Amino acid sequence: MKMLRIIVFILASLLVLFVVSFKIIRAEITLARGESFRFPIAGYDPHDIFRGRYLAIRMEIYPKKNPERNLSRKVYGNIIVDEKNLAHIEQLSPEAPESGAYLTLNYPLYGNRFDPPFERYYMNEKLAPEAERVLAEAWRKEGSDTVLLLKVYKGFAVIEDLQIDGRPIRELAREAGRR
Amino acid sequence: MTKISRRFVEELKRELPQWVAEGTVTEEAADRLRVHYETLGEESRSGLMRHVETMFRVLCALLLGVGVILLISHNWDMLSPAWRMVLSYGPLLASLGFGAWVMVKDKRSPAWCEPAAILIGASAASAIAIVSQLYHTLGRLEDFLFVWLLLLLPFLYLFRSFALTVIYTIGAVAMCCMTSSFPRGVCFFLAVLPMLCILARPAASAWRKFFGRLMIVAFLGLIWGLGSSFHHTSDTNIWFSCLVLFGAMSVGGAELARREERQWNVFLVLGGGACLVAAFILSSISFRCYWGRGYQAMEWGFLILNLLLLAAMGVVACFRRFRLQWVFPLFLPVLILCSGIVPVTVKLGANIGLAIFGILLMRQGFRSRRPGRINFGMLVLAILIYIRFVSTGNILLMGTSFIGLGLAVGIISVVISRKMRKLEAAK
């Protein structure tokens, strides 16, 4: 009985380590081999006791063509890039496209809108309020472009950076903090 | 074994010389009693010390765990990703190492198992959180909870930790509160339910039993209510679900009380109380249900589960001696089922049921000479009269009825008390 408990404990521990490591490895592979895309965003800054401060981002990636309500939760959105070099989801399909970049998205069980792949951009709690101010200013300004830089590899995406007019938000927030 | 308080031992030691002097016990018997109770007192004190020790270790593990989570939530921007990996793997490996030591040494005492389980839970949460921070993934709380709860499940049963069970149950219910992850939350709750039942078993210590049972009642109620309100389109379905659940608690609680040879337990009190309150509310509501219209898989699942529970209650009631507490648990869900045919059934049935329940309770009180039951029966009737007259708006009639009932209660109480005093005097 004791042996069985130890074996179960070892397997459970390995599973924890595997899950954590798998998340890291998959993200690193995507960052190394993925294709970059600039997605337009909008955002604000709430607080989460578990994960410090972050900018809650709203990705503007709703399909250009009306999606068909699919019964399966997992759908694939093929990515197109417009003349301003901004990425958009063109269409959702139940199967992964054979060519071109795509994002794997989840439909919620109830409702018709799919879940955006990213809703948070984590920052240091000192920088986040400054970043929020910088973002708010950028949105007020005409023609300013706020984008989320994503690396996409085989449907999986990782955030590379959040940029305002081509400059990283961390850099802008630090500058604003010094002023 | 009954726990011996220090005060009792002290009082006994004070009383013993007097008992010896009176000749109630011999000198030798007094010595034996003194030795016996002093030993028991010592054992009780060492048991208390063990509890204190466990509490301090649990507190220590909780503080450490929360500290690690807070440190990670700071988001160490100045550290390189490699260092942040160390921050994520370090506490996880350390707590897994501590857990492995507890397992290998076969330490089953809560003083070791509780902190090991809490530390593993906290470090797993922090490891997942730091990876989320690094790559900005798992943005939604339900995704984070899903991964965390899934990974913690084996540790929950390996360490049988009370604190981790509480945290796990809260996590599962939090998932249930989010519409999109309700089915997954229910699965996690079902996964933790055996552990809650282990905590709530009759042989467990009193406070574990109480909290285990209270959590089962509270969270089952919450999940049932949420599930019904998320997925059912009409009020009738919510009423039906909740009444079946409270009814099952009440009947199950009565069965448990019989086995434990006690009169009350949390299931019986809360389940029975909820059924009675529901009966009063239903006595003023009239509705018609539309069973099966526009149902999806979840609605059908809930309906079948509720019908199975109702059938199980019926089976228990058939094989046991009829109890008055079973009137509403069995009667109200059936009335709601019937309301699909005749809409007024529920209102009418609840009123008649309450009146019969009040009268039967009083009758039982008279027969067993229990003033408490008689008064409770009176109270049920009084509330029913009040509710009915409030709806008619006849204050004069209501006032007269209350004076009549009040006088009746007073007279009955006096008569019963006199009878009981006479019986005691006769003994």
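Along each chain, the written sequence defines residue order, and numbers are assigned to residues from 1. Numbering of ligands from 1 and lettering of chains from A proceed in the order in which they are written. Residues qualify for local features only when their pLDDT is at least 70, as the model is predicted, and side-chain atom pairs are given and counted only at 80 or more; totals for whole chains, interfaces and linings, by contrast, use all residues. The basis for every side-chain value is the complete set of heavy atoms in the structure, and neither hydrogens nor water enter the calculation.

Q: Talk me through the overall build of chain B; I want residue IDs and the actual numbers.
A: Across its full length, chain B holds 15 helices and zero strands. Each residue is assigned to one of three classes by its accessible area relative to the maximum for its type, calculated with a 1.4 Å probe on protein chains only: buried under 20%, partly exposed between the two thresholds, exposed over 50%. Looking at chain B as a whole, 45% of its 427 residues qualify as buried. Residues are treated as being in contact if the distance between any of their heavy atoms lies within 4.5 Å. A fraction of 66% describes how many contacts in chain B between residues 6 or more apart in sequence connect residues 24 or more apart. A total accessible area of about 21,800 Å² is found for chain B, and carbon and sulfur atoms account for 69% of it. Labels follow the DSSP assignment, with helices taken as runs of H or I lasting at least four residues and strands as runs of E lasting at least two, numbered in each case from the N terminus. Using a 1.4 Å probe, the Shrake-Rupley method yields the accessible areas, and only the shown protein chains count as cover for residues.

Q: Summarise the pattern of salt bridges; cite the residues concerned and give the values.
A: Charged atoms that come close allow side chains of opposite charge to pair. By definition, a salt bridge exists where a carboxyl oxygen of Asp or Glu is found within 4 Å of a side-chain nitrogen of Lys or Arg. In the structure shown here, the tally under the stated rule is six salt bridges over all chains. Residues B:Asp31 and B:Arg34 are paired through a salt bridge, measuring 2.9 Å at the closest nitrogen-oxygen approach. Of the two residues, B:Asp31 and B:Arg34 both sit in helix α2 (residues 27-73), three residues apart, roughly one turn of that helix. B:Arg34 sits in the partly exposed class, given a relative accessible area of 26%. In this structure, B:Asp143 engages B:Arg184 in a salt bridge whose closest nitrogen and oxygen atoms are separated by 3.8 Å. Taken together, the residues B:Asp143 in helix α5 (residues 141-159) and B:Arg184 in helix α7 (residues 182-199) connect sequence positions 41 residues apart. Given a relative accessible area of 23%, B:Arg184 falls into the partly exposed group. Taken together, the shared-partner salt bridges connect A:Arg167, A:Glu171 and A:Glu175 into one network.

Q: Help me get a handle on the side chain of B:Thr169, residues and values and all.
A: Residue and element names in this part refer to chain B. Mapped onto the fold, Thr169 is located in helix α6 (residues 162-177). On the basis of relative accessible area, Thr169 is assigned to the buried category, the value being 0%. The term polar contact refers here to a pair of N or O atoms within 3.5 Å; inside protein, the definition further demands a hydrogen-donor-capable atom paired with an acceptor-capable atom, and it admits residues adjacent in sequence only when both atoms are side-chain atoms. From its side chain, Thr169 meets the backbone oxygen of Thr165 in a polar contact 2.5 Å long. Discounting residues that sit within four places of it in the chain, Thr169 has contacts with Phe189, Val192, Leu196, Met215 and Phe219.

Q: So, the pairing of strand β3 (residues 74-81) of chain A: which residues are in play, and what are the values?
A: Residues and elements named next belong to chain A. Between any two strands, at least two bridges found by DSSP are needed for them to pair. In the sheet, β3 pairs with strand β5 (residues 102-106) via five bridges, with the strands oriented antiparallel. Residue Tyr76 lies in a different strand from β5, and its bridge partner there is Thr104. Bridging between β3 and strand β4 (residues 87-93) involves six bridges; their strand directions are antiparallel. Following the sheet pairing, Ile79 is matched in β4 by Ile89. Counting the residues in the hairpin turn of β3 and β4 gives five residues, including Asn85, whose phi is positive at 65°.

Q: Kindly report on the nonpolar core, identifying the contributing residues and their values.
A: In these notes, a set of buried Ala, Val, Leu, Ile, Met, Phe, Trp, Tyr and Cys residues joined through side-chain atoms within 4.5 Å is what counts as a nonpolar core. Within the largest apolar cluster, 69 residues are counted, with the highest numbers of intra-cluster contacts made by A:Phe9, B:Tyr135, B:Trp148, B:Phe155, B:Phe159, B:Phe189 and B:Leu196. Of the residues forming this core, the biggest block, 13 residues, is contributed by helix α4 (residues 110-135) of chain B. Excluding anything up to four places from it in sequence, B:Phe189 contacts B:Thr169, B:Ala172, B:Val173, B:Leu196, B:Phe219, B:Leu220 and B:Ile223.

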